[in-house]
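Letter by letter, the chains look like this.
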Amino acid sequence: ILNVEQSPQSLHVQEGDSTNFTCSFPSSNFYALHWYRWETAKSPEALFVMTLNGDEKKKGRISATLNTKEGYSYLYIKGSQPEDSATYLCAFHTNAGKSTFGDGTTLTVKP
Amino acid sequence: SAVISQKPSRDICQRGTSLTIQCQVDSQVTMMFWYRQQPGQSLTLIATANQGSEATYESGFVIDKFPISRPNLTFSTLTVSNMSPEDSSIYLCSVIWGTEGYTFGSGTRLTVV
């Protein structure tokens, strides 16, 4: 069983606040790290696919960084909006083809 | 990216009965994946469905409980058999589409009473 941990478990912020959360994963057998956004009553949506140590990816107000040597990835949201409210999942993929999802961070943005 | 149609979107079932969930993909894909998310837990892979061969089940999941069909490269079904309240979960099918990560169906929210 691969240990993939996300923190915090939940987060409540005000509209306009910037926030970040963490995904920790094993530092060995790394292949890729994915981030997903899962809104209530919808399917998870891929945000980022990260494969290289030091990767930094950005999509609008959301960005992510990757450190494969120490086994963590950060997801940042700048200027949070109510529509950013969702559960953010990371998924760790090994070079043996195994995938493990974290429990997710549930973000609530209050107007 | 691929588009997946999953149905039913939700169901309430009596214990001891079975439910079959269907996923239709708009493109041909080699592998389809079936996941479960029990309340308060992470997405857990049940099995990988390959066209033309038996599904590969993860530890803790067995074919008798979760039979899978994969008759062609665009369609798969997962049956949850002899259901108990512990089977109440969200069930998701997914495919890997190029380098874009997983694409998921809209999910089936199952409640067993």
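Residues numbered from 1 in each chain as written. Chains lettered and ligands numbered in written order. Predicted model: local features only at pLDDT ≥ 70, side-chain atom pairs only at ≥ 80, totals over all residues. Heavy atoms only, no water.

**Remarks on the nonpolar core**
Nonpolar side chains in soluble globular proteins tend to be buried together.
Part 1 of the reasoning: Counting residues in hydrophobic clusters, the biggest one holds 26 residues, and the most contacted among them are W34(B), I46(B), F66(B), I68(B), L78(B), Y91(B) and L110(B).
Part 2 of the reasoning: Element by element, the count of residues in this core is highest for strand β3 (residues 19-25) of chain B, at four residues.
Part 3 of the reasoning: When residues no more than four places from it in sequence are discounted, the contact partners of L110(B) are D11(B), C13(B), L19(B), V80(B), M83(B), D87(B), S88(B), S89(B) and Y91(B).
Part 4 of the reasoning: Core analysis: the next-biggest nonpolar cluster, separate from the first, contains 23 residues, V13(A), F21(A), C23(A) and I77(A) among them. (Core = buried A, V, L, I, M, F, W, Y, C linked by side-chain atoms within 4.5 Å. Buried < 20%, exposed > 50% of the residue type's maximum accessible area, 1.4 Å probe, protein only. Helix = DSSP H or I, 4+ residues; strand = E, 2+ residues; numbered from the N terminus. Contact = heavy atoms within 4.5 Å.)

**A look at the interface of chain B and chain A**
Part 1 of the reasoning: With 16 residues of chain B in contact, the opposing surface of chain A contributes 16 residues.
Part 2 of the reasoning: Together, the buried faces of chain B and chain A total about 1,300 Å²; carbon and sulfur atoms form 59% of this surface.
Part 3 of the reasoning: At the boundary of chain B with chain A, the tally comes to one salt bridge.
Part 4 of the reasoning: Here chain B is connected to chain A by four residue pairs in polar contact (both at pLDDT 80 or more).
Part 5 of the reasoning: Taken together, the elements giving at least two residues each to the side of chain B that touches chain A come down to β4 (31-37), β9 (89-96) and β10 (102-104) of chain B.
Part 6 of the reasoning: A per-class count over the side of chain B that touches chain A returns six nonpolar, seven polar and three charged. (Buried area = accessible area lost by both parts, 1.4 Å probe. Salt bridge = Lys/Arg side-chain N within 4 Å of Asp/Glu carboxyl O. Polar contact = N/O pair within 3.5 Å; in protein donor to acceptor, adjacent residues only side chain to side chain. Nonpolar A, V, L, I, M, F, W, Y, C, P; charged D, E, K, R; others polar.)

**What about the environment of A96(A)?**
All names here are of chain A.
Part 1 of the reasoning: Inspection of the secondary structure puts A96 in the loop between β9 (86-94) and β10 (99-101).
Part 2 of the reasoning: Residue classification places A96 among the exposed positions, given a relative accessible area of 66%.
Part 3 of the reasoning: In the structure, A96 is positioned 65 residues away from Y31 in sequence and 8.3 Å away in space, judged by C-alpha atoms.

**Describing the pairing of strand β7 (residues 68-72) of chain B**
Residues and elements named next belong to chain B.
Part 1 of the reasoning: Sheet topology note: the β7/strand β8 (residues 75-80) ladder contains three bridges and is antiparallel. By the bridge assignment, N72 is partnered in β8 with F75.
Part 2 of the reasoning: Between the antiparallel neighbours β7 and β8 lie two residues. (Pairing = 2+ DSSP bridges.)

**Some remarks on the sheet that holds strand β3 (residues 19-24) of chain A**
The pairing of strands in a sheet happens through backbone hydrogen bonds and is either parallel or antiparallel.
Residues and elements named next belong to chain A.
Part 1 of the reasoning: Pairing in this open sheet of five strands is antiparallel, and the strands run β1-β3-β8-β7-β6 from one edge to the other. Across the chains shown, the open sheet's two edge strands, defined by having one partner strand only, are β1 (5-7) and β6 (56-59). Taken pair by pair, the neighbouring strands of this sheet meet at an average axis angle of 15°, ignoring direction.
Part 2 of the reasoning: The pairing of β6 with strand β7 (residues 62-67) spans four bridges and is antiparallel. Of the residues in β7, the one forming a bridge with K58 is S63. (Axes fitted to C-alpha atoms, helices over the stretch in contact; angles between N-to-C directions.)

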